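Each chain, letter by letter, is given below.
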Amino acid sequence: MSAKKRIGTIALAALAGAVSGGVFLGAAELVALLTVRDASPIVAVGSFVIDIVPRWAKELAIDLFGSNDKLFLLASLGLAVFVAAAVAGVLEWWRRWVGVALFVLAGVAAVVATLTRTGASPFGFLPAAVGALLGALVLRLLIGRLHAWRDGTAGAERVGVDRRRFLVLTSVAAAGALVAGVGSRLGSAATSSIAAVRSALKLPTPASRLKVPAGAELDVPGISPLFTPNTDFYRVDTALTVPSVDPANWRLTIDGMVEKRVELSFQDLVDMRPAEYGVTLTCVSNEVGGNLVGNARWLGVPVRDILALARPRRGADMVLSRSVDGFTASTPLDALTDDGRDAILAIGMNGEPLPLEHGFPVRMVVPGLYGYVSATKWLTELKVTTFAADQAYWTPRGYSAKAPIKLSSRIDTPRVDKPLSAGPTKIAGVAWAQTVGIRTVEVRIDGGQWQQAKLSTPINADTWVQWSLDWDATAGSHTLAVRATDRAGRVQEQKRTPIAPNGSTGWQQTLVRVG
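Rules used throughout
Residues numbered from 1 in each chain as written. Predicted model: local features only at pLDDT ≥ 70, side-chain atom pairs only at ≥ 80, totals over all residues. Heavy atoms only, no water. Pairing = 2+ DSSP bridges. Helix = DSSP H or I, 4+ residues; strand = E, 2+ residues; numbered from the N terminus. Salt bridge = Lys/Arg side-chain N within 4 Å of Asp/Glu carboxyl O. Buried < 20%, exposed > 50% of the residue type's maximum accessible area, 1.4 Å probe, protein only.

Colleague: Describe in detail the sheet that holds strand β15 (residues 454-455), supporting the description with residues and values.
Modeller: Read from one edge of the open sheet, four strands run β11-β12-β16-β15, paired in antiparallel fashion. What marks the edges here is a single partner per strand, and that holds for β11 (408-413) and β15. Here β11 runs beside strand β12 (residues 423-432); their pairing, made up of five bridges, is antiparallel. In the strand pairing of β12, S409 is matched with A431.

Colleague: Let's hear about the pairing of strand β2 (residues 262-265): which residues, and what values?
Modeller: Bridge count for strand β1 (residues 251-256) against β2 is four bridges, and the pairing is antiparallel. What sits directly across from T253, in β2, is E263. As consecutive antiparallel partners, β1 and β2 are separated by five residues.

Colleague: Summarise the pattern of salt bridges; cite the residues concerned and give the values.
Modeller: Considering all chains together, one arrives at 15 salt bridges under this definition. A salt bridge links R322 to E381; its shortest N-O distance comes to 3.2 Å. Taken as a pair, R322 in strand β5 (residues 318-323) and E381 in strand β10 (residues 379-385) lie far apart in primary sequence, 59 residues in all. Classification of R322 by relative accessible area gives partly exposed; the value is 29%.

Colleague: Please provide a residue-by-residue account of the sheet that holds strand β17 (residues 476-486), values included.
Modeller: Strand order in the open sheet formed by four strands is β14-β13-β17-β18, and the pairing between neighbours is antiparallel. A strand with exactly one partner marks an edge of an open sheet, and here the two such strands are β14 (451-452) and β18 (508-514). Inspection of the sheet shows β17 paired to β18 by seven bridges, in the antiparallel sense. Bridge pairing links V482 to Q508 in β18.

As structure tokens, then:
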């Protein structure tokens, strides 16, 4: 066989492998749609990857892709599957059954990843098992046809027949895989009733409404709005796909170190007369000046009232909250039982039911603590325990078990990526010091004296405030810096520290160019 023909044959073998990989995925998605919808092997493997990758890799993904980190992971996994399948096709061409063995091993790995997920169905092995079997059979068939074509000695006519058979079978398998895979994903989305349930859900009238005082929002172009729209609110969690939880079937269990084990339904929460609260949420992955922070009007029930039903025992100091996808968070018990802190189980966000990706139907919202130790979405359990006895998801991965939010401020405008004309303008942004509140915000221009900014009227100590400073901008490059002081007199820390293990610190400085 000539070198050119050999290269062409290897390429065809790789194509056969990639198509077989597509059959694997397409068949698995179809079986998952028909049997166990949460048993998609690529989702299961993706969730496994999220659990095992090192902390720096997670931080890098969030920094580079933000809320699209999960989409990037799924796309990367899909590409990896096709590359690995192409390699299996080449190996199968060189040595019989080697490529098939790789498909079987991939199926076994996918089955293990699926069955070890929290809440896995006993029949969760079916999609990966069926997909791997069909993928291996198609690989064997296509490589067999390729051998018949490339090794054929029965004459040009016979070789032509074998070539057509290979190409037709490859095309049919590829089309079938595409239809099955894409169709199953679309079918799963179309037949999911949770979005419709959420749309039809009517929230109860709040027992009390959040009071927004006059002057709570400054009229400055480019500044973050007082309340972050749901569509713009940051999302960082470990769920590769958004869990589907029907409020009619949702249950919350309160157990552990309690006098009485309690189980509540969604209606039980509604009957407890939820009220409105204003709370700013911050992700521990938020860098200085970052956008992983948002403020919302929440509708919910105080966690202290929920825990009071179970009566925590003496000696408990932590509540381990659990999501339906297995994520856990460690929240200090005193932060949840403090009468002066509005820690709630939220069912509404900015006047509507929680968005699916933000924890529908119930999530935790705790002022003053980073989300990874407090803001559990798709909540299903509160276990009263101790920090000595239990660890949450992120603690063994290098983050602190307790994580109070750091005093922070941010410049929203002007921005380095937007042109600015010389003349009167405003420097503006937001600042937050949860459970304490902001006293002052100061701005420094080109290393000069600190100038006190104008503050909006705060809603409460748990929400951010807006600030602005008038500036007569002159042509050239300028460095702007901001710092805040809270109501206890603490000044925002100047020293820059990374987000691990318990949140970043430092003054934000930004370069702007004035034309």
